[in-house]
Amino acid sequence: GQSGKFALYDEDKGENAGAIRVTMDALKEVDNSGNEVGKSGSEKHSINSFATTDFTVAQPVETTIGNATASRVDFESAIGSVGTLKVETFLITAGGEVGDWTVAEGDLKWNINFPSWSFCNPCGSGGNAGTGSFLDLTITVQGLGDASKEA
């Protein structure tokens with residue numbers, strides 16, 4: 001699908017029972033100083049909006065992470081011919097320990113990966129040339145229905 005948005009909720013409880021919406025807002029390749037690079041030319045290294053980006057979403061699978069159980073959903077997208085963004089989401093279904101984090105039912109963990117990426121080395125020309133060092137991914141997470149924030 002497209003949009004860079006997905007909602008997570010317990011299907012047995014419905015969307016109004018603690019659902020959250022995750023939006024992939026923007027992706028920027030930056031240099032060592034945090035300046036955006038690769039924003040011009042034929043092959044862009046940045047995305048200002050994922051609204052028209054195609055994502056492949058895998059079917060949920062039950063899995064173990066640490067000694068907790070979770071429903072795992074992966075989604076990924078090619079970013080032009082520059083690379084791939086892959087997000088592994090784990091909605092915890094039975095608590096336990098994941099590394100040094102104690103998780104409870106309903107917690108969300110994700111792994112954000114870029115399994116392949118061709119950094120600018122450099123991109124552009126003259127004074128606009130830049131060498132990429134890092135990727136900045138902007139994400140919004142918001143509660144839906146009766147979701148609440150717990151400190």
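Before reading on, note that the structure itself is shown above.
Thresholds applied
- Residues numbered from 1 in each chain as written.
- Predicted model: local features only at pLDDT ≥ 70, side-chain atom pairs only at ≥ 80, totals over all residues.
- Heavy atoms only, no water.
- Disulfide = S-S within 2.5 Å.
- Phe/Tyr/Trp six-rings, centres within 6.5 Å; stacked < 30°, edge-to-face > 60°.
- Buried < 20%, exposed > 50% of the residue type's maximum accessible area, 1.4 Å probe, protein only.
- Core = buried A, V, L, I, M, F, W, Y, C linked by side-chain atoms within 4.5 Å.
- Helix = DSSP H or I, 4+ residues; strand = E, 2+ residues; numbered from the N terminus.
- Contact = heavy atoms within 4.5 Å.
- Salt bridge = Lys/Arg side-chain N within 4 Å of Asp/Glu carboxyl O.
- Pairing = 2+ DSSP bridges.

Student: Is there a simple way to think about the state of the cysteines in this case?
Tutor: A covalent bond between the sulfur atoms of two cysteines is referred to as a disulfide. All chains considered together, the criterion is met by one disulfide. With its sulfur 2.1 Å from that of its partner, Cys 120 forms a disulfide with Cys 123. Here Cys 120 and Cys 123 share a disulfide; its torsion about the S-S bond, -90°, makes the bridge left-handed.

Student: What should I look at first to understand the packing of aromatic side chains in this one?
Tutor: In this description, a pair of aromatic rings is defined by centroid distance and the angle of the planes. The full count for this structure, using the stated rule, is four aromatic pairs. Between Phe 50 and Phe 55 the ring centres are 5.8 Å apart and the planes differ by 40°, which places this aromatic pair in the tilted class. Comparing Phe 50 with Phe 55 shows no difference in burial state: the two are buried. Taken together, a centroid distance of 5.8 Å and an interplanar angle of 80° make the contact between Phe 114 and Trp 117 edge-to-face. You can call Phe 114 partly exposed: its relative accessible area is 25%. On the basis of relative accessible area, Trp 117 is assigned to the buried category, the value being 15%.

Student: What exactly am I supposed to notice about the nonpolar core here?
Tutor: Side chains that are nonpolar tend, in soluble globular proteins, to be buried together. The biggest cluster of nonpolar side chains holds 14 residues, and the ones touching the most others in it are Met 24, Leu 27, Phe 50, Phe 75, Ile 79 and Leu 85. Every element with two or more residues in this core is listed here: β2 (20–30), β5 (68–79) and β6 (83–94). The leading source of residues in this core is β2, at four residues. Beyond its immediate chain neighbours, meaning those up to four positions away, Leu 27 contacts His 45, Ser 46, Ile 47, Phe 50, Ile 79, Phe 114, Trp 117, Leu 135, Asp 136 and Leu 137.

Student: What is the right way to read the pattern of salt bridges from this model?
Tutor: Pairing is possible between side chains of opposite charge, provided their charged atoms come close. Taken as a whole and judged by the stated rule, the model has two salt bridges. The partner of Asp 74 in a salt bridge is Arg 72, with the nearest N and O atoms 2.9 Å apart. Residues Glu 88 and Arg 72 are paired through a salt bridge, measuring 3.0 Å at the closest nitrogen-oxygen approach. Separated by 16 residues along the polypeptide, Glu 88 in strand β6 and Arg 72 in strand β5 bring together distant segments of the chain. A relative accessible area of 14% means that Glu 88 is categorised as buried. Among the ionic contacts, a cluster of salt bridges with common partners joins Arg 72, Asp 74 and Glu 88.

Student: What exactly am I supposed to notice about the environment of Val 87 here?
Tutor: Along the polypeptide, Val 87 turns up in strand β6. Measuring from C-alpha to C-alpha, the distance between Val 87 and Asn 111 comes to 5.7 Å, with 24 residues separating the pair along the chain. Once residues lying within four places of it in the same chain are set aside, the contact partners of Val 87 are Met 24, Val 73, Asp 74, Phe 75, Trp 110, Asn 111 and Ile 112.

Student: What should I look at first to understand the pairing of β5 in this one?
Tutor: A regular strand places its side chains so that they alternate between the two faces of the sheet. The pairing of strand β3 (residues 56–57) with β5 spans two bridges and is antiparallel. Residue pairing in the sheet places Val 57 in a bridge with Phe 75 of β5. With five bridges joining them, strand β4 (residues 61–65) and β5 adopt antiparallel strand pairing. Note that in β5 the partner of Thr 63 across the bridge is Ala 70. In this sheet, β6 lies alongside β5 in antiparallel orientation, the contact comprising 11 bridges. Looking at β6, one finds that Ser 71 is bridged to Leu 91.

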